[in-house]
Amino acid sequence: MDLSVHTASPSLPFPHHSSLLFNSCSHSMLRLEYRSLYWKPLSWRQNRAIRAQSPNQTPNDGFVLDDVPHLTHFLPDLPSYPNPLQNSQAYAIVKQTFVSPEDVVAQRIVVQKDTPRGVHFHRAGPREKVYFKPEEVCACIVTCGGLCPGINTVIREIVCGLNYMYGVDDILGIQGGYRGFYSKNTMRLTPKVVNDIHKRGGTFLQTSRGGHDTHKIVDNIQDRGINQVYIIGGDGTQKGAALIYEEVEKRGIQVAVAGIPKTIDNDIAVIDKSFGFDTAVEEAQRAINAAHVEVESVENGVGVVKLMGRYSGFIAMHATLASRDVDCCLIPESPFYLEGQGGLFEFIEKRLKENGHVVIVLAEGAGQGYVAQSMHAADERDASGNRLLLDVGLWLSQKIKDHFTKVQKMAVNMKYIDPTYMIRAIPSNASDNIYCTLLAHSAVHGAMAGYTGFTVGPVNCKHAYIPIARVTERTNTVKLTDRMWARLLASTNQPTFISSKVEASSKEDMFSPQSEFNCPN
């Protein structure tokens, strides 16, 4: 579709202070027209529906662009400059060096004939114009929250991307998470300093939970003359990044705020997957293989492997599908119960009689209502506001042992493996290293182009700029009605833990994520 764009600012195809109306042209094409509106606050702009409509669509159908903020929305006189990449030897052979302002990425790629085209995002990549002179850039990088494979690769590639592609020399590392802005020293980052950090696990800059004080952070940003902020972290961290952007906008200072979403659980909404996830699934195989070897080597061996997954069971599900040695996978999204017909104990007994052993993979957030009820635990939270999880792996292992020893009068050999910290502390694998590079470069291109208050990630395999509010508004979870969970059930032949008997009489023994870790009444 050829779109001719009429705008006073050619480098800004879809400014927030304009509305977009798509009308048919004489050649049956679509054309963009702008109607200027007065400036609106952030919450209005981020939730706007910018629609396009073709003559063949019904009035309710249309194209929706989920736009991201730009520095010129609150600094309208900000000058632009030619992108230094146009003189780059590396990019000289690229057929199209710069991303077209009309390029967008569709959130949904499977649609029916007469359905709306749906939500789209700006495609990530270098723009023809930038809004920072490289010699005037002072960038900083901060990492927050838990560890994840690939953090150091992202740090390295932001530094190298800024320096090699744009000639930026002034790059700071904020040590110790958000509180490092106002309570820790910074370190100067150069390509030489970060050269081999991608070979290590953890974060080169150290991390922490909590410590977010918006005013103190932005005060420090102003005092240090920082004008680009790269924030690597999960859901809570990205919410903090949104607050920093809003304060920057309120003060009217030229600071681009870019988020790089990080979560080993793959529970970030909108994007295809989070970095480090592939590495985690791959490393989880070692724990599952070890459990399988252990239980195969003894009589009535029962192996329980606990993997990461506070609210989402993606690691457990994918590791189970990849392994093919797992008999049952339990995740936070899927209720389960222990006793009675169709329960876990019955399934374990059946597999022990058939195979002589059984391997169970358990996400750390599964069955928390069960454990809390059993232990009468209080609702405690960490510095990030996350619920402190009880050890469901140890609890389930003990329950299984007690049941078969005392009730079934059957000796079982329990093997419990918890590789959580081993998995999250390793360096990223090859595919995650490449992915982290793309994320870092996309963030750098976006910040240099003047975008702010955005996060980056692949949407249907194409990297895009996404409003931070979109990736923090909900948690990405395994959908039990999708084919991937059905594939797992077909692979393990485990029970679904759903029956009329359960619904009628055993609801108090079931757990679902909607219950907020409490057993439903």
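Check the entry above for the structure.
Let me begin by describing the structure that accompanies this report. Please read these numbers as outputs of a predicted model, since none were measured by experiment.

What follows is about the pattern of salt bridges. In total, this model carries 17 salt bridges according to the counting rule given. Close ionic contact of arginine 156 with glutamate 157 constitutes a salt bridge, the shortest N to O distance being 2.7 Å. Assigned by exposure class, arginine 156 and glutamate 157 land together as buried. Across the pair aspartate 170 and arginine 188 runs a salt bridge, and its minimum N-O distance is 2.5 Å. A residue pair is termed long-range when its members are at least 10 positions apart, and aspartate 170 in strand 11 (residues 170–174) and arginine 188 in strand 12 (residues 186–188) qualify at 18 residues. Residue aspartate 170 is classed as partly exposed on the basis of its relative accessible area of 27%. Three or more residues are tied together by salt bridges with common partners; here these are Asp219, Glu247, Lys250 and Arg251.

An α-helix turns once every 3.6 residues. As a result, residues three or four positions apart point the same way. The buried fraction of helix 7 (residues 314–323) is high, at 8 of 10 residues. For helix 7, the set of buried residues is Phe314, Ile315, Ala316, Met317, Ala319, Thr320, Leu321 and Ser323. Taken together, the buried residues of helix 7 touch helix 6 (277–296), strand 15 (301–307), strand 16 (328–330), strand 17 (357–363) and helix 14 (483–492). Two residues or fewer past helix 7, arginine 324 is found with a positive phi of approximately 70°.

One finds Ile141, Ile158, Tyr230, Ile260 and Phe275 to be the most contacted residues of the largest nonpolar core, which totals 112 residues. The greatest single-element share of this core, amounting to 9 residues, is contributed by helix 2 (residues 151–166). Counting residues in each nonpolar core, the second largest holds 27 residues, with Leu338, Phe345, Ala366 and Phe404 among its members.

With that settled, the discussion passes to the packing of helix 2 against helix 12 (residues 430–448). Packing of helix 2 against helix 12 leaves a shortest axis separation of 8 Å and a crossing angle of 50°. If you check the angle between helix 2 and helix 12, you find them oblique. Relative to helix 12, the crossing made by helix 2 is right-handed. Across from Thr153, Val154, Glu157, Ile158, Gly161, Leu162, Met165 and Tyr166 in helix 2, the residues of helix 12 making contact are Asn433, Cys436, Thr437, Ala440, His441, Val444, His445 and Met448. Among the residues forming the contact of helix 2 with helix 12, the class breakdown is 9 nonpolar, 6 polar and 1 charged.

Attention now goes to the packing of aromatic side chains. Under the criterion given, the structure shown has 7 aromatic pairs. Residues tyrosine 370 and tryptophan 395 carry aromatic rings whose centres are separated by 5.4 Å and whose planes lie at 35° to one another, so their mutual orientation is tilted. Residue tyrosine 370 is located in helix 9 (residues 368–375), and its partner tryptophan 395 is located in helix 10 (residues 392–407); the two are separated by 25 residues in the primary sequence. This pair shows no difference in class: tyrosine 370 is buried, exactly as tryptophan 395 is. Residues phenylalanine 454 and tyrosine 465 carry aromatic rings whose centres are separated by 5.0 Å and whose planes lie at 65° to one another, so their mutual orientation is edge-to-face. On the criterion of sequence distance, the pair formed by phenylalanine 454 in strand 19 (residues 454–459) and tyrosine 465 in strand 20 (residues 462–467) is long-range, its members being 11 residues apart.

Where helix 4 (residues 214–224) contacts helix 5 (residues 235–251), the axes come no closer than 10 Å and their chain directions differ by 60°. Classified by the angle their axes make, helix 4 and helix 5 are oblique. For helix 4 against helix 5, the interelement crossing comes out right-handed. Here Thr214, His215, Ile217, Val218, Asp219, Ile221 and Gln222 of helix 4 come into contact with helix 5, specifically with Leu243, Ile244, Glu247, Val248 and Arg251. Per-class residue counts for the contact of helix 4 with helix 5 are 6 nonpolar, 3 polar and 3 charged.

As summarised here, the arrangement of the 4 strands in space is 16-17-15-18, forming an open sheet in which the pairing is parallel. Each edge of the open sheet is held by one strand with a lone partner, namely strand 16 and strand 18 (413–417). Pairwise comparison of adjacent strand axes, ignoring direction, gives a mean angle of 15° for this sheet. With 7 bridges joining them, strand 15 and strand 17 adopt parallel strand pairing. Bridge pairing in strand 17 links valine 305 to valine 361. Its contacts with the sheet put helix 6 on strand 15, strand 17 and strand 18, and the angle it makes with strand 17 is roughly 150°.

Rules and cut-offs
- Residues numbered from 1 in each chain as written.
- Predicted model: local features only at pLDDT ≥ 70, side-chain atom pairs only at ≥ 80, totals over all residues.
- Heavy atoms only, no water.
- Salt bridge = Lys/Arg side-chain N within 4 Å of Asp/Glu carboxyl O.
- Buried < 20%, exposed > 50% of the residue type's maximum accessible area, 1.4 Å probe, protein only.
- Helix = DSSP H or I, 4+ residues; strand = E, 2+ residues; numbered from the N terminus.
- Contact = heavy atoms within 4.5 Å.
- Core = buried A, V, L, I, M, F, W, Y, C linked by side-chain atoms within 4.5 Å.
- Axes fitted to C-alpha atoms, helices over the stretch in contact; angles between N-to-C directions.
- Parallel < 35°, antiparallel > 145°, perpendicular 65-115°, else oblique.
- Left-handed = near helix turned anticlockwise from the far one by under 90°.
- Nonpolar A, V, L, I, M, F, W, Y, C, P; charged D, E, K, R; others polar.
- Phe/Tyr/Trp six-rings, centres within 6.5 Å; stacked < 30°, edge-to-face > 60°.
- Pairing = 2+ DSSP bridges.

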